[in-house]
Amino acid sequence: MKEEAKNEAQEPCTKIVFFGDSITESGRNHMDGADLGVGYVKIAAGKLRLLYPDTKFCFVNRGNGGERTADLLQRVEKDVVAEHPDYVVLETGINDVWCRFSRGEEVTPEAFRANYEALVDAISKTGAKLFLIQPYALKMGDKQRFRPFLNRFNEIIRDIAKERGLTLIPVDEIFTGVTQDIDPAQFSTDGVHPTHRGCRYIADLLIKELKKCLE
């Protein structure tokens, strides 16, 4: 029986690591390394298992709320590189904007680019296929003050994606478009953290890109 369990544990799988801030974390239990939270990660995992029933997946949620690119950089080796992933979903950047208003701490465009490029470099050395999810802010409450800084950071992310040939999932651009006709509160509780509908939207955008690699 122990040998069977050991063989099952060693069975190869397609491993996808989700790395980011609270949008990725989404209530995950940090005491349970297999817990996926209740957000887009869990939704994407469930849909992928249904779409590819013959594929053995291993999903890893390594989102931590409130973290900036610099914080992710401190743990990328342990939480991503050491996992030997096949795919990595990187979602970060909004807290690099938010800290300007919540803590009075500025993250310059130069610092943001350096941190983001270092994250991409660290993850790319694993050989994993990397997907970049744009940070976003919807027109709710005081989040419009984020816009000039967020636009600059997203421009940097687009440049890095183009330079490195990486898949960019333009969540900010898409949410900005759909909320022209739909109440932003349908997609976010505060302009940043997604509702269940917002999570489903992000998951579907991600799956659309993952399918290009899995099929």
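Everything in this summary refers to the structure shown in the same document. Computed from a prediction, not measured in an experiment: that's the story for all the values here.

**Details of the overall build of the protein chain**
- Looking only at helices and strands, the protein chain has nine helices and five strands in total.
- Reading the secondary structure of the protein chain in the N-to-C direction produces α-β-α-α-β-α-β-α-α-β-α-β-α-α.
- For 215 residues, the compact-globule formula gives about 17 Å, and the C-alpha radius of gyration of the protein chain, at 17 Å, lands near that figure.
- Along the longest, intermediate and shortest principal axes, the C-alpha atoms of the protein chain span 60 × 35 × 35 Å.
- With 215 residues in all, the protein chain has 50% of them scored as buried.
- A separation threshold of at least 6 residues defines the contact pool for the protein chain, and within that pool the share at least 24 residues apart is 77%.
- If you sum the accessible surface of the protein chain, you get close to 10300 Å²; carbon and sulfur atoms cover 49% of it.
- Within the protein chain, one finds 30 positive and 34 negative side-chain charges whose respective centroids are separated by 1 Å.

**Quick look at helix α9 (residues 196–214)**
- Taking 1.5 Å per residue as the helical rise, α9 with its 19 residues ought to reach 27 Å, and the 25 Å between its terminal C-alpha atoms agrees with that figure.
- Largest kink in α9: about 25°, centred on Lys208.
- Among the residues of α9, Gly198, Cys199, Ile202, Ala203, Leu205, Leu206, Ile207, Glu209 and Leu210 are the ones counted as buried.

**Notes on the packing of helix α4 (residues 69–79) against helix α6 (residues 109–124)**
- Put simply, α4 and α6 touch, their axes get as near as 9 Å, and they point 20° apart. For the element pair α4 / α6, the angle class is roughly parallel. Note on packing geometry: the crossing formed by α4 with α6 is left-handed. Of the residues in α6, those touching α4 at Thr69, Ala70, Leu72, Leu73, Val76 and Glu77 are Phe112, Asn115, Tyr116, Ala118, Leu119, Ala122 and Ile123.
- Here the contact of α4 with α6 is composed, by residue class, of 10 nonpolar, two polar and one charged.

Reading the values: the criteria
Residues numbered from 1 in each chain as written. Predicted model: local features only at pLDDT ≥ 70, side-chain atom pairs only at ≥ 80, totals over all residues. Heavy atoms only, no water. Helix = DSSP H or I, 4+ residues; strand = E, 2+ residues; numbered from the N terminus. Rg over C-alpha atoms; globule rule 2.2 N^0.38 Å. Buried < 20%, exposed > 50% of the residue type's maximum accessible area, 1.4 Å probe, protein only. Contact = heavy atoms within 4.5 Å. Areas by Shrake-Rupley, 256 points an atom, 1.4 Å probe, with all protein chains shown as cover. Lys, Arg positive; Asp, Glu negative; His and termini not counted. Charge placed at Lys NZ, Arg CZ, Asp CG, Glu CD. Expected span 1.5 Å × (residues − 1). Bend = angle between axes of the 7 residues up to and from the residue. Axes fitted to C-alpha atoms, helices over the stretch in contact; angles between N-to-C directions. Parallel < 35°, antiparallel > 145°, perpendicular 65-115°, else oblique. Left-handed = near helix turned anticlockwise from the far one by under 90°. Nonpolar A, V, L, I, M, F, W, Y, C, P; charged D, E, K, R; others polar.

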